[in-house]
There are 2 protein chains.
Amino acid sequence: LQSLRWENDALSLLDQRLLPEQTVYLRLTTPQDVWEAIRELKVRGAPAIGIAAAYGVVLGVADFDGNLSAWLAETEKHAAYLATSRPTAVNLFWALDRMKARARDLASADISSSAATAALLDEALLIQAEDEETNRRIGEHALTLFEDGMGVLTHCNAGGLATAKYGTALAPFYLALEQGISLKVFADETRPVLQGARLTAFELQQAGVDVTLICDNMAGHVMSKGWIQAVIVGTDRVAANGDVANKIGTYSVAVLAKAHGIPFYVACPLSTIDLSTPTGADIPIEERHGDEVAAGFGKRTAPHGVAIYNPAFDITPNEYVTAIVTEKGIVRAPYAENLGKLFDR
Amino acid sequence: LQSLRWENDALSLLDQRLLPEQTVYLRLTTPQDVWEAIRELKVRGAPAIGIAAAYGVVLGVADFDGNLSAWLAETEKHAAYLATSRPTAVNLFWALDRMKARARDLASADISSSAATAALLDEALLIQAEDEETNRRIGEHALTLFEDGMGVLTHCNAGGLATAKYGTALAPFYLALEQGISLKVFADETRPVLQGARLTAFELQQAGVDVTLICDNMAGHVMSKGWIQAVIVGTDRVAANGDVANKIGTYSVAVLAKAHGIPFYVACPLSTIDLSTPTGADIPIEERHGDEVAAGFGKRTAPHGVAIYNPAFDITPNEYVTAIVTEKGIVRAPYAENLGKLFDR
């Protein structure tokens, strides 16, 4: 089950809104298609959003006929448009910036616009291939934090479905399975969109990982029972000071973990760490429509007209973060100092 | 909107599973009907369960024809049966014990069995009438804890729908409205059965209380924003040491409240305080079917066959409880000492 892939001159994208009941791949052929897929959560997860957007830029110039400077202007227009699809995950902007930089390089070469488009597609394919390798490394580093027999809680979906492959927070679970290390995973269902129930429980179950689904409000209870020895989650953006934006509810889990003396780990590629964002307070938090809360399950579950607050993300301050696991290794506090060093290596 | 009432020789009971979309009153005529209504959450909330069970005993002898000792045996049989409907809320056992005691008194009198049944119905009606008065007093005491302009978070439904009228935790909100005191209420939706979304948001909205619905996992986030100055919840059983059993997720809210320096109040009648249960560890916690989590709202939201843990309640240790608000006033730690005193007054 692959979240997305380039196929027959189009982006083939798994519609994650329909999981786990239906496995439907959409064929996206325009930047508009990709924008909508991101906005409507057909694709989600910071790395997967970035990869999808990269392909979106390519789709924008797939049929381009003209000179290279006009081609470059087109790529920039589409990149700017795709950047408006969602505000929080920084991988979106990171991938678009990388595509823009590549487009600028290509535009200064002595090639046709169709050759430039082909080379731009290669860049998007490379972003995806690198993500897979990155996640494998994240998984290897993260697995050093766990021991056989541990209970590990995760929130939302930072798995293969959120990335090119393996996932970030879920990568160690797949590697543990390969290596015969037994972990007992608890997956928060993650209201309102239920990525934990629909996606994490699904992909771990498919792989044969020992996973138990719980409602978000059971996290504290299972911690109090002594069933959880570690928490690991993904993230949509890490600020320069180590504050972490992730799916709504992550902050509550982090506070509960601290209260129970349980380490709280965040797994992400370097492309999710945004040194240009000083603190969590500087990360824009997307607020989504109340109907996700009131009418998400096929029938209405709240009264019409009631006020609903539906932030898609929250900020976990760095003091709750035991460590951040990247493809370049495990980073601990002081984050303001140690996150920067990652990029110097 | 009344949760239940005696009407035309039967228990008329609002089917709370269908709220907020449909308002359907069921006509229950046998103890079996009542047992099923309790088990299947057509009626829920500790005080309402107790009242329903009391009427259930009456229904069991409604058509009884025989001598008083056989009548007494019948009442005891039905009471024992109704006690098996759900394990956690102590009001169920409290109400049944009260009905059994009344039945024993009546059986020793020189009356017909039909007169005894009529007097037993009076006892059930009295339990209901007392609950309404009790809740008004709880509301008055609880309101002294709040000030105009406060944000108050509640979990699950401890409102009019969970009781005869007013509710326990929600009673102060209704009184505040009458007295022109402005409170901003946040209601956790309360997975898996969504009593917060379907019932609390509904009954507060109907009454004109300023209520905002959030998902359970947003509680920590709204606390961190400074929007919450107090938490108040109901309870299904308070142990002698002040440990509190309540709807799953209550413990997480209590831990989050403590981490944010927010007082955490529990509202209940004396009939919910069980001095015969030493601590929270001695309270049986009902575990319910995983389909409540995986397929509760018209469509399947988790993969088939995945392991699900679905406890209906959790225990909040007494150190998280700032105060317990009863009809006899506000009790604070040390609970082991002060809860007992309530019953001496």
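Bear in mind that the values here come from a model prediction, so they are computed numbers and not experimental data. (Residues numbered from 1 in each chain as written. Chains lettered and ligands numbered in written order. Predicted model: local features only at pLDDT ≥ 70, side-chain atom pairs only at ≥ 80, totals over all residues. Heavy atoms only, no water.)

## Observations regarding the sheet that holds strand E13 (residues 313-316) of chain A
Hydrogen bonding along the main chain pairs the strands of a sheet, whether they run parallel or antiparallel. Residues and elements named next belong to chain A. As a reminder of what qualifies: Each pair of strands is called paired provided DSSP finds at least two bridges between the two strands. Strands here are runs of E lasting at least two residues and helices are runs of H or I lasting at least four, both read from the DSSP assignment and numbered beginning at the N terminus.
A sheet is described by the order of its strands in space; here four strands give the open sequence E11-E8-E9-E13, paired in mixed fashion. Across the chains shown, the open sheet's two edge strands, defined by having one partner strand only, are strand E11 (273-274) and E13. Sheet analysis places strand E8 (residues 237-239) next to strand E9 (residues 244-247), joined by two bridges and oriented antiparallel. From the neighbouring strand, Arg-237 faces E9, where its bridge partner is Ala-245.

## Comments concerning the state of the cysteines
How we decide: In plain terms, two cysteine sulfur atoms within 2.5 Å form what is called a disulfide here.
Counted under the stated rule, the structure contains zero disulfides over all chains. The thiol of Cys-156 of chain A is unpaired, and the distance to the nearest cysteine sulfur, on Cys-215 of chain B, comes to 12 Å. We note that Cys-215 of chain A lacks a disulfide partner, and the nearest cysteine sulfur, in Cys-215 of chain B, lies 11 Å from it.

## Quick notes on the layout of surface pockets
Let me state the cut-off plainly: Space inside and on the surface of the protein is sampled on a 1 Å grid over the protein atoms alone, with a cavity defined as a set of points where a 1.4 Å probe fits but cannot get out and a pocket as an open set with protein on both sides within 12 Å along at least 5 of 7 lines; lining residues have an atom within 4 Å of a point. Grid points are joined across faces, edges and corners, and a volume is the space filled by probe spheres set on the points.
Put simply, the largest pocket is a space of about 380 Å³. Lining the largest pocket are 17 residues, with Arg-17, Leu-41, Val-193, Glu-292 and Gly-296 of chain B positioned closest to its centre.

## Focus: the sheet that holds strand E6 (residues 211-214) of chain B
Spelled out, the test is: Note on definitions: a residue-residue contact is assigned when non-hydrogen atoms from the two residues lie within 4.5 Å. For helices, the fitted axis covers only the stretch in contact; all axes are lines through C-alpha atoms, and the angles between them, taken along N-to-C directions, range from 0 to 180 degrees.
The mixed open sheet is built from eight strands, whose spatial order is E12(A)-E6(B)-E5(B)-E4(B)-E7(B)-E10(B)-E14(B)-E15(B). At either margin of the open sheet sits one strand with a lone partner, and together these are strand E12 (307-308) of chain A together with strand E15 (329-331) of chain B. Bridge analysis of strand E5 (residues 184-188) of chain B against E6 of chain B gives four bridges, and the strand direction is parallel. Bridging from a neighbouring strand, Ala-187 of chain B pairs with Leu-213 of chain B of E6 of chain B. Contacts from helix H5 (residues 113-143) of chain B reach strand E7 (230-233), strand E10 (264-267), strand E14 (323-326) and E15 of chain B, with the element oriented near 140° to E14 of chain B.

## Remarks on the relation of the copies chain B and chain A
Heads up, the rule is: All copies are superposed by least squares; the fitting set is the C-alpha atoms of residues with a pLDDT of at least 70 in both.
Laying chain B over chain A is done by rotating through 180° and shifting 0.0 Å along the axis; what remains is an RMSD of 0.1 Å. Considering both components of the superposition, the chain copies are consistent with a two-fold axis. Minimal C-alpha separation from the rotation axis in chain B is found for Gly-298 of chain B, amounting to 2.8 Å. Take the interface residues of chain B: 100% of them recur as interface residues in chain A, which is what a same-surface contact looks like.

## Observations concerning the environment of Ala-267 of chain A
All names here are of chain A. Filter applied, for reference: The buried label goes to any residue with under 20% of its type's maximum accessible area, the exposed label to any with over 50%, and the partly exposed label to all in between, with areas taken from a 1.4 Å probe on protein chains only.
Mapped onto the elements, Ala-267 comes out in strand E10 (residues 264-267). Using a relative accessible area of 0% as the deciding quantity, one classes Ala-267 as buried. With 99 residues separating them along the chain, Ala-267 and Thr-168 place their C-alpha atoms 5.4 Å apart.

## Some points on the interface of chain B and chain A
Definition in use: Take the accessible area each of two parts loses on contact, using a 1.4 Å probe, and add the two losses: that sum is the buried area. When a carboxyl oxygen of Asp or Glu is within 4 Å of a side-chain nitrogen of Lys or Arg, the pair counts as a salt bridge. What qualifies as a polar contact is a pair of N or O atoms within 3.5 Å, subject to a donor-acceptor requirement within protein and to the restriction that residues adjacent in sequence count only when both atoms come from side chains. Three classes are used: nonpolar for Ala, Val, Leu, Ile, Met, Phe, Trp, Tyr, Cys and Pro, charged for Asp, Glu, Lys and Arg, and polar for all others, with Gly counted as polar.
Contacts between the two partners involve 54 residues from chain B, matched on the other side by 55 residues from chain A. Across the chain B to chain A interface the summed buried area is about 4300 Å²; carbon plus sulfur atoms make up 65%. Taken together, the connections running from chain B to chain A amount to two salt bridges. Between Glu-189 of chain A and Arg-191 of chain B there is a salt bridge, and its shortest N-O distance comes to 2.5 Å. For the pair chain B and chain A, the interface holds 22 residue pairs in polar contact (both at pLDDT 80 or more). Those elements giving two or more residues to the side of chain B that touches chain A turn out to be helix H7 (195-207), E6, helix H8 (219-224), helix H9 (250-259), strand E12 (307-308) and strand E13 (313-316) of chain B. Taken together, the residues that form the side of chain B that touches chain A break down as 29 nonpolar, 16 polar and nine charged.

## Some points on the confidence of the model for chain A
Heads up, the condition is: Confidence scores here are pLDDT values: one per residue, from the predictor, ranging 0 to 100.
Here chain A averages 97 in pLDDT, and 100% of its residues register 70 or above. Reported for the predicted complex are a pTM of 0.96 and an ipTM of 0.95.

## Some words on the nonpolar core
How we decide: Definition of nonpolar core: a set of buried residues of the types Ala, Val, Leu, Ile, Met, Phe, Trp, Tyr and Cys, connected through side-chain atoms within 4.5 Å.
By size, the foremost hydrophobic cluster in this structure holds 138 residues, and its most contacted members are Phe-146 of chain A together with Phe-146 of chain B. In contact with Phe-146 of chain B, other than residues within four places in its own chain, are Val-152, Pro-172, Phe-173, Leu-183, Ala-230, Ile-232 and Tyr-265 of chain B. One finds Val-43, Ala-48, Ala-103 and Ala-119 of chain B within the second-largest nonpolar core, a separate group that totals 40 residues.

## Comments concerning the UniProt feature "active site" (unreviewed entry) in chain A
All names here are of chain A. Operational definition: UniProt positions are given in the numbering used here, feature names are shortened, and annotations may be inferred rather than shown by experiment.
The feature "active site" (unreviewed entry), as given by UniProt, occupies Asp-236 in the numbering adopted here. For Asp-236, a relative accessible area of 8% translates into the label buried. In contact with Asp-236, not counting residues within four places along its chain, are Ala-46, Thr-88, Ala-89, Val-90, Asn-91, Ala-245, Asn-246, Lys-247, Thr-272 and Phe-313.

## Notes on the pairing of strand E7 (residues 230-233) of chain A
Residue and element names in this part refer to chain A. Here E7 shows a buried face lined by Ala-230 and Ile-232 and a second buried face lined by Val-231 and Val-233. Across two bridges, the pairing between strand E4 (residues 151-154) and E7 is parallel. If you follow Val-152 over to E7, its bridge partner there is Ala-230. Across three bridges, E7 lies against E10 in parallel orientation.

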